[in-house]
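Geometric and topological summary
As a plain string of letters, each chain reads:
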Amino acid sequence: MNAVLLAVGLVLVLSLFRVNVVFSLIIGALAGGLVSGLDIKTIGETFSGGLGGNASVALSYASLGAFAAALTKTGLPDAMVNGAVKLVGKEGESSRKTLSKVMILLIILLISISSQNVIPVHIAFIPVLIPPLLKIFNQLKIDRRLVASVITFGLITPYMYVQAGFGAIFHETVRSNMEKAGLSITLADIPAAMMIPSLGMVTGLILAFFIYRKNRQYDDKEVAGAETVSYSKQTLIFAAAAIAGSLGVQLWMAYLQIEGGMIFGALAGIAILYVTRAMKWTEADSVMTQGMQMMAFIGFVMLAASGFASVMQETGHIDTLVKSSVELIGTNQSLAALLMLLTGLLVTMGIGSSFSTIPIIAALFVPLCVSLGFSPLATIAIIGTAGALGDAGSPVSDSTLGPTSGLNADGQHDHIWDTVVPTFLLYNIPLILFGWIAAVTL
């Protein structure tokens with residue numbers, strides 16, 4: 001039994017049975033390590049040592065949560081809700097409701113896409129934008145699984161195809177790791193190779209609008225920390241200044257290639273709210289603590305996922321999994337492409353990061369693709385798609401954890417069954433199909 005297959009499979013099964021994702025990762029790492037022959041001491045030390053791999057990410061999310069909570073005290077979310085109410089209107093004709101649904105979903109889609117390149121804040125917009133809109137979603141009876149699918153599309157597709165923001169990082173990761181493995185390519189080759197796989201994501205989004213188009217009833221519940229706050233033009237200006245300041249720091253640090261941009265960006269935004277007194281000094285500590293708690297679950301999952309990934313690498317069974325696939329492949333290009341894509345899906349589903357998957361699989365897949373006669377573009381398509389596969393649908397990916405953090409603010413959106421399962425089915429199946437088509441045609 002391959003330890004990686006067992007461990008990832010166990011994590012997914014336990015998650016489906018509503019076992020906490022953090023505990024699922026710990027149990028999966030323990031089971032996978034024992035099957036591979038590692039002793040308890042080695043497993044514990046490797047898991048603990050790997051926790052630091054995502055420590056900065058966890059702190060980033062906690063900082064962004066604090067900033068998001070601080071923004072609520074400016075009245076910005078209330079202003080957004082009031083604007084949405086005007087957009088939706090009062091109870092009226094069904095055609096207006098339908099138009100309102102489409103407009104809100106398109107706005108969320110555009111913001112999600114922009115969060116990866118135009119304004120590269122990643123999931124930081126979710127705790128600010130989504131919780132205040134939940135009552136509007138309820139009024140329009142929007143299925144939150146559709147909203148989760150829309151956000152997940154916006155978090156993944158841009159980095160697959162667009163060479164800007166997080167896409168520039170992903171493409172450079174693909175290029176540099178393929179070069180290390182012995183195949184030199186240019187950055188200009190990557191969008192050409194990833195165009196067909198990206199159409200798989202578009203197909204999934206279209207299916208989401210079709211499958212989840214029907215009304216779904218939710219109860220109107222109070223969102224924790226989302227009590228109505230009075231606001232003025234001045235407080236909204238201060239909120240906009242804080243967002244601009246936070247974004248400016250992140251872009252500046254990204255330009256200088258300094259890590260920790262999200263952490264210091266959140267700090268800058270909070271500092272502006274402090275100085276302008278848009279947030280009361282007396283309530284600042286409790287507000288920011290509440291915001292950190294909101295994002296704490298994502299942080300713990302990312303830490304556990306990093307430890308899980310370390311144990312999987314220590315087992316050596318990722319290499320074994322690929323070698324076993326090679327034995328099945330022979331000289332069959334079509335079968336080779338399919339098995340490599342499925343391997344990427346398994347790896348990313350377990351560790352939750354497409355960016356971290358690329359270095360693992362590139363070293364193994366490049367020599368295999370070259371030996372089987374795949375073109376450079378086809379090789380890029382296989383590696384890029386294999387890396388992106390599983391980002392949607394992984395219980396430990398920030399592309400699923402982020403949407404859940406916003407949509408479950410009132411406790412009516414289940415992470416596994418309302419975000420993970422829908423996005424897995426909608427996006428991974430078309431990605432495998434379109435990735436395979438790219439591999440055999442390019």
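In this report, the structure presented in the accompanying data block is examined. Nothing here was measured: the structure is a model prediction, and the numbers come from that model.

1. So, the overall build of the protein chain
- When helices and strands are counted, the protein chain shows 19 helices and zero strands.
- Put simply, 80% of the contacts in the protein chain that link residues at least 6 apart link residues at least 24 apart.
- Total accessible area on the protein chain is roughly 18400 Å²; 66% of this is exposed by carbon and sulfur atoms.

2. Some words on unusual backbone geometry
- Even without being glycine, K141 reaches a positive phi, approximately 60°.
- Mapped onto the elements of the fold, K141 is located in the loop between α7 (126-140) and α8 (144-161).
- Residue classification places K141 among the partly exposed residues on the basis of a relative accessible area of 33%.

3. Some remarks on the environment of S394
- Checked against the element boundaries, S394 lands in the loop between α17 (376-388) and α18 (398-407).
- Residues S394 and V421, spaced 27 residues apart in sequence, show a C-alpha to C-alpha distance of 8.6 Å.

4. Structural notes on the packing of α17 against helix α19 (residues 415-441)
- Packing of α17 against α19 brings their axes to within 8 Å, and their N-to-C directions diverge by 165°. Considering the angle they form, α17 stands roughly antiparallel to α19. In this structure, α17 meets α19 at a crossing whose hand is left-handed. Seen from α17, the contacting residues are A378, A381, I382, T385 and A388; seen from α19, they are L431, G435, A438 and A439.
- Residues belonging to the contact of α17 with α19 are distributed by class as follows: seven nonpolar, two polar and no charged.

5. Some words on the packing of helix α10 (residues 189-211) against α19
- One can describe the packing of α10 onto α19 by two numbers: an axis separation of 8 Å at closest approach and a directional angle of 150°. The angle between the axes of α10 and α19 places the two elements in the roughly antiparallel class. Note that α10 runs across α19; the crossing there is right-handed. Touching A193, I196, P197, L199, G200, M201, T203, G204, L205, L207, A208 and I211 of α10 are L426, Y427, P430, L431, F434, G435, I437, A438 and T441, all from α19.
- Residues of the contact of α10 with α19, tallied by class, amount to 16 nonpolar, five polar and no charged.

6. Here we look at the packing of aromatic side chains
- Per the counting criterion, the structure on display carries two aromatic pairs.
- Between F153 and Y427 the ring centres are 6.4 Å apart and the planes differ by 40°, which places this aromatic pair in the tilted class. In this pair, F153 sits in helix α8 while Y427 sits in helix α19, placing the two residues 274 residues apart along the sequence.
- With relative accessibility at 7%, the residue F153 sits in the buried group.
- Taking the ring centre of Y218 as reference, the NZ or CZ of R144 above it sits at 4.3 Å.

Rules used throughout
- Residues numbered from 1 in each chain as written.
- Predicted model: local features only at pLDDT ≥ 70, side-chain atom pairs only at ≥ 80, totals over all residues.
- Heavy atoms only, no water.
- Helix = DSSP H or I, 4+ residues; strand = E, 2+ residues; numbered from the N terminus.
- Contact = heavy atoms within 4.5 Å.
- Areas by Shrake-Rupley, 256 points an atom, 1.4 Å probe, with all protein chains shown as cover.
- Buried < 20%, exposed > 50% of the residue type's maximum accessible area, 1.4 Å probe, protein only.
- Axes fitted to C-alpha atoms, helices over the stretch in contact; angles between N-to-C directions.
- Parallel < 35°, antiparallel > 145°, perpendicular 65-115°, else oblique.
- Left-handed = near helix turned anticlockwise from the far one by under 90°.
- Nonpolar A, V, L, I, M, F, W, Y, C, P; charged D, E, K, R; others polar.
- Phe/Tyr/Trp six-rings, centres within 6.5 Å; stacked < 30°, edge-to-face > 60°.
- Lys NZ or Arg CZ within 6 Å of the ring centre and 35° of its normal.

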